[in-house]
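Here are the chains, one letter per residue:
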Amino acid sequence: MQYEAAEAWAAAYMAASATTGRGGGRSGMWDPAVERVERLAAESAVVIFSVSSCCMCHAVKRLFCGMGVNPTVYELDEDPRGKEIERALTRLLGSAAVPVVFVGGKLVGAMDRVMASHINGTLVPLLKEAGALWL
């Protein structure tokens with residue numbers, strides 16, 4: 001399944017990052033853009049990388065706000081380094097997609113992964129663990 005492949009890739013990415021001590025992606029080489037994404041993702045309980053005109057980005061932001069979560073949102077089309085960040089997110093995900101969501105500094109994924117987590121009941125515990133949700 002696509003989700004299993006993404007989970008396996010995320011685990012491999014995290015292992016590469018741990019062994020290199022830096023955001024390294026698949027090759028294990030230091031990538032300043034990936035490192036910047038990791039730093040931004042770790043600064044808040046919930047971080048959404050978005051594009052302001054994207055309907056799926058709007059939907060995921062509404063989902064979190066409707067749950068009582070106040071995510072930090074980075075609108076890539078309004079950031080001078082947005083294209084660089086978007087390329088780093090593509091390297092992290094293995095495909096180009098926004099929105100990209102991090103919870104507790106950990107990559108959840110794009111809209112499909114967020115919705116799957118919400119539907120199967122794993123999103124709320126993840127948000128509680130990250131300190132983004134108290135109820």
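All figures in this text were calculated on a predicted structure; none of them were measured in a lab. (Residues numbered from 1 in each chain as written. Predicted model: local features only at pLDDT ≥ 70, side-chain atom pairs only at ≥ 80, totals over all residues. Heavy atoms only, no water.)

Caption draft 1: Molecular detail of the overall build of the protein. Looking only at helices and strands, the protein features 6 helices and 4 strands. Looking at the 135 residues of the protein, the share that counts as buried comes to 38%. Taking all contacts inside the protein whose residues are at least 6 apart in sequence as the whole, residues at least 24 apart take part in 59%. Summed over all atoms, the accessible surface of the protein reaches about 7,400 Å², with 58% contributed by carbon and sulfur. (Helix = DSSP H or I, 4+ residues; strand = E, 2+ residues; numbered from the N terminus. Buried < 20%, exposed > 50% of the residue type's maximum accessible area, 1.4 Å probe, protein only. Contact = heavy atoms within 4.5 Å. Areas by Shrake-Rupley, 256 points an atom, 1.4 Å probe, with all protein chains shown as cover.)

Caption draft 2: Local environment of the pattern of salt bridges. Considering all chains together, one arrives at 3 salt bridges under this definition. Where Arg91 meets Asp31, a salt bridge forms, and the shortest distance between an N and an O atom there is 2.7 Å. Of the two residues, Arg91 sits in helix H4 (residues 82–93) while Asp31 sits in the loop between helix H1 (2–20) and helix H2 (32–42), which places them 60 residues apart along the sequence. Residue Asp31 is classed as buried on the basis of its relative accessible area of 15%. (Salt bridge = Lys/Arg side-chain N within 4 Å of Asp/Glu carboxyl O.)

Caption draft 3: Representation of the nonpolar core in the model. In terms of nonpolar packing, the biggest core is built from 17 residues, with Val37, Phe49, Leu76, Ile85, Leu89, Leu92 and Phe102 touching the most fellow members. Looking at this core, the elements with two or more residues in it are H2, strand S1 (46–50), H4 and strand S3 (100–103). Setting aside residues no more than four positions away along its own chain, Leu89 makes contact with Val37, Phe49, Leu76, Ser95, Val100 and Phe102. Residues Val46, Val114, Leu127 and Ala132 belong to the second largest nonpolar core, which totals 15 residues. (Core = buried A, V, L, I, M, F, W, Y, C linked by side-chain atoms within 4.5 Å.)

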